[in-house]
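Examining the three-dimensional arrangement
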Amino acid sequence: MFTAVKRYFRKDLIPLLADLKLAIALLLAIAIFSISGTVIEQGQGLTFYQENYPESPALFGFLTWKFILILGLDHVYRTWWFLSILILFGASLTACTFTRQITALRWFSRTWNFYSKPRQFEKMALSTELETGDWDVLRSQLSEHRYKVYEKSDSDDTMLYAQKGLSGRIGPIVVHASMLLILGGAILGSMTGFFAQEMVPSGQTFKVQNIFDAGPWAGPQIPKDWSVHVNRFWIDYSPEGRVDQFYSDLSVLDSAGEEVKRKTIWVNQPLRYKNVTLYQADWAIGGVKVRINNSPTFELAMAPLDVEGAKLWGTWVPTKPDMSAGVSLIAQDLQGTLLLYDMSGKLVSTVRQGSSVEVNGVRLYLDEIIGSTGLQIKADPGIPVVYLGFGLLMVGVVMSYISHSQVWALKTADKLFVGGRTNRAQVSFEKELISLLDETTKASVAQTTAPIPANTTA
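Residues numbered from 1 in each chain as written. Predicted model: local features only at pLDDT ≥ 70, side-chain atom pairs only at ≥ 80, totals over all residues. Heavy atoms only, no water.

1. Digging into the overall build of the protein
So the rule is basically this: A run of H or I in DSSP counts as a helix once it spans at least four residues, and a run of E counts as a strand once it spans at least two, with each numbered from the N terminus. Relative accessibility under 20% of the residue-type maximum defines a buried residue, over 50% an exposed one, and the middle range a partly exposed one, all with a 1.4 Å probe and only protein chains included. Note on areas: these come from Shrake-Rupley sampling with a 1.4 Å probe, and a residue is covered only by the protein chains present in the view. Residues scored as positive are Lys and Arg, those scored as negative are Asp and Glu, and His as well as the terminal groups of each chain are ignored. To locate a charge, take atom NZ for lysine, CZ for arginine, CG for aspartate or CD for glutamate.
Helices and strands together make up the secondary structure of the protein, namely eleven helices and 21 strands. Dimensions of the protein, computed from the C-alpha atoms along their principal axes, are close to 135 × 75 × 45 Å. Scored against the burial criterion, the 458 residues of the protein give a buried share of 39%. Carbon and sulfur atoms make up 57% of the accessible area of the protein, which amounts to about 26300 Å² in all. Distance between charge centres in the protein, computed from 42 positive and 42 negative side chains, equals 7 Å.

2. Let's talk about the sheet that holds strand E8 (residues 243-254)
Put simply, the rule reads: By definition, two strands form a pair when at least two bridges between them are found by DSSP.
Spatially, the four strands line up as an open sheet ordered E5-E7-E8-E9, and their pairing is antiparallel. Each having just a single partner strand, strand E5 (205-206) and strand E9 (259-265) make up the two edges of the open sheet. Sheet analysis places strand E7 (residues 226-237) next to E8, joined by eleven bridges and oriented antiparallel. By the bridge assignment, Trp226 is partnered in E8 with Asp254.

3. As for the packing of helix H9 (residues 167-192) against helix H10 (residues 383-400)
Two measures define how a pair of helices packs: the angle their axes make with one another and the distance between the axes. Counted only if it meets this: For helices, the axis comes from a line fit to the C-alpha atoms of the stretch in contact; other axes are also lines fit to C-alpha atoms, and the angle between any two N-to-C directions lies between 0 and 180 degrees. Working definition: roughly parallel below 35 degrees, roughly antiparallel above 145 degrees, roughly perpendicular at 65 to 115 degrees, and oblique for all remaining angles. Whether a crossing is left-handed or right-handed is set by the direction in which the near helix is turned from the far one by less than a right angle, anticlockwise for left-handed and clockwise for right-handed. Only Asp, Glu, Lys and Arg are considered charged in this grouping, and only Ala, Val, Leu, Ile, Met, Phe, Trp, Tyr, Cys and Pro are considered nonpolar; every other residue, Gly among them, is considered polar.
One way to put it is that H9 packs onto H10 with a least axis distance of 7 Å and a crossing angle of 160 degrees. Overall, the two elements H9 and H10 adopt an arrangement that is roughly antiparallel. Along this stretch, H9 crosses H10, giving a crossing that reads as left-handed. Of the residues in the contact of H9 with H10, the class split is 17 nonpolar, eight polar and no charged.

4. Brief notes about unusual backbone geometry
For the bond running from Ser56 to Pro57, omega is 0 degrees, close enough to zero to count as cis. Positionally, Pro57 belongs in the loop between helix H3 (46-52) and helix H4 (65-71). We note that Asn268 has phi near 70 degrees; this positive angle belongs to a residue other than glycine. Structurally, Asn268 is set in the loop between E9 and strand E10 (271-273). When its relative accessible area of 71% is taken as the criterion, Asn268 is described as exposed. Positive phi values are uncommon outside glycine, yet Asn293 reaches one of about 55 degrees. With respect to the helices and strands, Asn293 occurs in the loop between strand E11 (276-292) and strand E12 (298-301).

Next up, the structure:
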C-alpha cells in the first residue's frame with residue numbers, strides 16, 4: 001500500500017504539480033481574484049452591498065449582492081477557495097523546485113568536474129583542439145576573467161575545470177523560495193489578521209472593538225490588555241478653507257492606565273504597537289460643549305446629517321427647561337463657526353468657538369467644538385514574511401541574470417583540448433573564450449619562435 005502511494009506521488013502527482021501550464025493557470029486565477037478583491041469593496045455590511053449591487057439592474061448582468069455574498073467576494077482573501085488556490089500554487093512551485101531547479105544545488109556538493117577524455121570535448125557545442133597552447137597562460141587568463149580554477153594531473157595528462165557566476169544557477173531556486181514565502185505570508189495574514197475602524201472623539205479612551213474583518217485565528221492579535229487615549233485631534237486648513245491635513249495625538253495605555261507609548265499620527269504616518277498599526281483615515285465632529293446663561297457646561301453629541309453634496313453635523317440645544325423651544329447647531333468643519341437655526345428651519349445667527357450669542361431670550365455660549373478622529377486599525381502578522389519574500393525575489397531575479405560559465409581543458413602529450421558552455425549570454429561567452437584561446441596560442445608561438453641565446457666562453 002505504502003509503495004503504491006509512493007509510486008503515485010512520484011510518477012503521477014508530482015509531475016502534474018510541476019507542470020508549467022498548471023502553474024500559469026493558477027497564477028492567472030490568483031491575479032483575477034485579487035483584482036476582484038480590489039474592485040469590490042471588502043468587509044462591508046449587507047446594506048452596503050444591497051445598495052451598491054442591486055439585483056435589478058445587475059452590474060454586468062450578473063454581479064449582484066447575492067452573487068457577491070454567496071461566493072464570498074466581500075472577503076475574497078479569506079475564502080476557502082482562494083486559500084486553496086494559494087496552497088495549490090505553492091505545491092506546484094515546490095514540486096517544480098525539487099524536480100527541475102534543485103539539481104543546481106549539486107554544484108555545492110562538488111568542487112570540480114574534470115574531463116579526462118578527448119571525446120568528451122567533441123560532445124560540446126563550443127570546443128576546440130589546439131596543436132599549441134600555453135597551459136600557464138590559459139590558467140592565468142581564466143583567473144583574470146574571475147573564473148575559479150581547479151587543476152588536476154593524471155599520469156601524463158593535466159586537466160582543468162573553471163567556472164564563474166555560480167549564483168546564476170542558484171537564482172531560480174531563490175525566486176521559487178521567495179514566491180513560497182510570499183504565499184505563506186499571505187495565508188498567514190489572511191488567517192490571523194484583522195481589520196477594524198473606530199471613530200473616537202478627542203479626549204476619549206477606547207479599546208479595539210469595531211472589527212469589520214478578521215481571520216479565524218485572529219483572536220490573539222486583537223488587543224485585550226491595552227487601550228488608546230486620544231489626547232487631541234485637530235485639522236490644518238489651507239488659506240482657501242480646504243482640509244490640508246488632520247492629526248491625532250495618541251497615547252497607548254497599559255492595563256493599569258499607564259502611558260507606554262505616545263505619537264502624533266497623520267495620513268501615511270501611523271502608530272505601531274505590538275504588531276497592531278493605527279492609521280489616520282477619517283475625521284468627524286463628535287460634539288460641542290455649550291452653556292446657557294449661567295448653567296454648567298454640558299457636552300452634546302453631534303450626528304452626521306444626510307445632505308447630498310455636503311458634509312455636515314448637527315445637534316439640538318433646548319432653550320427652555322421644558323424643551324418646548326430650542327435651536328439647531330450645524331457645523332461643517334472644525335474652524336470654529338456654527339450656524340444656528342430656529343425650529344422652523346430659518347437661519348437666525350452664527351456663533352464662534354469661545355464666544356456667545358443671544359437667541360430665544362437666552363445667551364448661548366459655545367465653549368468648544370470637539371473633533372473625532374477616524375482610525376483604521378490593522379494587524380497582519382504575515383507582512384514581515386511577505387516583505388522578506390519580496391526582498392528575496394528581487395535578489396533572486398538579479399542573481400538569475402548572472403551567467404554561469406564553465407570551461408574545461410585537457411592537456412595531453414601533443415594537444416590541448418578546450419571547451420566551454422554557459423546558460424545565457426552565449427555570444428559574449430564565445431567572444432570571451434576566443435579571446436582566452438588567442439592569448440594562449442600567442443604565448444605558445446612566442447615561446448616557440450623566441451631566439452636561443454648563444455653560449456659565451458671566457
